[in-house]
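Coordinate analysis (summary)
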Amino acid sequence: MIQPNSELIIDYELVRNNIQLIRKKISPSSKFMAIVKSNAYGHDLNTTAKALNESVDGFGVVRLEEAIHLREQSDLPILMMQGVYSTEAYDELKKNEIWTTLHSLAQIPLAHQYVDDLVFWIKINTGMNRLGLQFSELDKCKSFIKKSNVLMTHLACADNPDDELNQIQFSKFDEAWKHTGQSLLRSVVNSAGSINFPEQSHDWSRVGIGMYGGLSDMPELKTAMTFRSQIIGFQDLKIGERIGYGGRIKTSRETKLAIVYCGYADGFPQPAMDGTNVRINNHIATVMGRVSMDLISIDVTDNPNCAIGDWCEFWSPDLPINPIAQKNNLISYELMTKISPRVQRHYINV
Ligand SMILES: *Cc1c(COP(=O)(O)O)cnc(C)c1O
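Presented here is an overview of the structure given in this document. Throughout, residues of each chain are indexed from 1 in the direction in which the sequence is written. This being a predicted model, a pLDDT of at least 70 is required before a residue's local features are given, and a value of 80 or more before pairs of side-chain atoms are given or counted; all residues contribute to the totals for chains, interfaces and linings. Each side-chain value is worked out from all heavy atoms of the structure, with water and hydrogens disregarded.

Quick look at the packing of aromatic side chains now. Any two rings among Phe, Tyr and Trp, with Trp reduced to its six-membered ring, count as a pair given centres within 6.5 Å; such a pair is stacked if its planes are under 30 degrees apart, edge-to-face if over 60, and tilted if neither. All told, the structure shown has 14 aromatic pairs when counted by the stated rule. When the ring of W121 is compared with that of W204, the centres are 6.0 Å apart and the planes differ by 50°; the resulting orientation is tilted. Residue W121 is found in strand 6 (residues 120–123), and its partner W204 is found in strand 9 (residues 204–207); the two are separated by 83 residues along the sequence. You'll find W121 and W204 in the same group, each marked buried. Ring geometry for F268 against F314: centres 4.9 Å apart, planes inclined by 55°, an arrangement best described as tilted. Of the two residues, F268 sits in the loop between strand 13 (255–260) and strand 14 (277–280) while F314 sits in strand 17 (residues 311–315), which places them 46 residues apart along the sequence. Here a strand is any run of E in DSSP of at least two residues, a helix any run of H or I of at least four, and the numbering for each starts at the N terminus. Only protein chains enter the calculation, and the probe is 1.4 Å; a residue is then buried if its accessible area is under 20% of its type maximum, exposed if over 50%, and partly exposed in between.

Moving on: the pairing of strand 1 (residues 7–11). Counting buried positions along strand 1 yields 5 of 5 residues, so the element is predominantly enclosed. Covered by surrounding structure in strand 1 are E7, I9 and D11 together with L8 and I10, the residues of both alternating faces. As paired strands, strand 1 and strand 18 (residues 344–348) are joined by 5 bridges and run parallel to one another. Paired with I9 across the strands is H346, a residue of strand 18. Should DSSP find at least two bridges between two strands, the strands are taken to pair.

Quick look at the site of the ligand now. As a structural note, the neighbourhood of the ligand is formed by 13 residues, with K37, Y41, S191, I209 and Y333 the closest of them. We define a polar contact as two N or O atoms separated by no more than 3.5 Å, with the added condition that, inside protein, one atom must be a possible hydrogen donor and the other a possible acceptor, whereas residues neighbouring each other in sequence contribute only through side-chain atom pairs. Within the side chain of K37, an N or O atom sits 2.7 Å from an oxygen atom of the ligand. Measuring from an oxygen atom of the ligand, one finds a backbone N or O atom of I209 at 2.8 Å. At the level of secondary structure, the elements contributing two or more residues to the shell around the ligand comprise helix 2 (37–42) and strand 9. Under the convention adopted here, Pro, Cys and the residues Ala, Val, Leu, Ile, Met, Phe, Trp and Tyr are nonpolar, Asp, Glu, Lys and Arg are charged, and Gly plus all remaining residues are polar. Grouping the amino acids of the shell around the ligand by side-chain chemistry returns 6 nonpolar, 4 polar and 3 charged. If even one non-hydrogen atom of a residue comes within 4 Å of a molecule or strand, that residue is called near it.

Here the focus is the packing of helix 4 (residues 64–71) against helix 5 (residues 87–96). Orientation is described by lines fitted to C-alpha atoms, with helices fitted over the stretch in contact, and by angles between N-to-C directions that extend from 0 to 180 degrees. For the pair helix 4 and helix 5, interaxial distance at closest approach is 11 Å and the crossing angle is 20°. The orientation of helix 4 with respect to helix 5, classified from their angle, is roughly parallel. For helix 4 against helix 5, the interelement crossing comes out left-handed. Residues L64, I68 and R71 of helix 4 touch helix 5, and the partners they reach there are A89, E92, L93 and N96. In terms of residue class, the contact of helix 4 with helix 5 is built from 4 nonpolar, 1 polar and 2 charged. Geometric relationships in this document are graded by angle, where less than 35 degrees denotes roughly parallel, more than 145 denotes roughly antiparallel, 65 to 115 denotes roughly perpendicular, and other angles denote oblique. Two helices cross in a left-handed way if the nearer one is turned anticlockwise from the farther one by less than a right angle. They cross in a right-handed way if the turn is clockwise. For this analysis, residues touch if any pair of their heavy atoms sits within 4.5 Å.

Written out as structure tokens, the structure is:
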């Protein structure tokens, strides 16, 4: 074995396939904005932009550096989804033709100086109560209400289609759009919204997690990242032995334990419970004992034919990330964005 390492392998062909599957759900006239905030949900902004440039209609980010970086690689529309707050930032947007968001009245004095220079997405609060103008505030941004701009909102419960808040948000949005004279383009749905409410996909869908395969509502989407590391040791345990920090679990049978070269400092979740699935040589095995900073212990008693240097997958196209997240009361978004810099990256099918 050469020096072992934890690895993150990203297959962009899978991301593009996921995009095609989601596109089939939404209205054919809805444009597809690939949300690539937070380093493309841990999938590397640069490589993702390169790999997706021909497959999407625009990119959405939340940091100015991300937007400027993207502009060096792509001529597609780029939206700053959380707005900007200084003259310098607005000047950068203008110079780089980057779209921005108006979500609060406090932004108006500065934003107004750029009303003729930039595309603005007017974000209204329809019930999530995070960012967004109140309906009654729309009259104070009349100069922004024009055909080239977009009226947007964000859904709080799109992943739970039965939640009554969805319909409340749709009807508030509709009311606001009518109030603006129906002149603005519209954008409502994120990934879960695209799947559960395709009729709300309007002019722009803003899709993040679904592209990367982390959406539980659509299991046919493939987890595009493989997070894995290698076995560096074994322990053969008798009945009644305790494992790892705190000795939180005790063997109830003779147990073969594989020790894997990866820990929470690589981005594997520290709270991972006993029984969390991993995959070794095409067999499922399970976490046993508390996750350490640099090591994870795995019960391989049922598949003892593994060896030092064999790979242990934590999630991959063959071991979907969502069940792993759900088992541990976590979300796929967090798992994807927390893979640490020391994990070696490999990008395929860019
Ligand atoms: C992150 C984000 C999205 C994408 O959400 P997903 O659930 O990842 O599809 C869409 N719109 C806004 C405003 C966001 O912040």
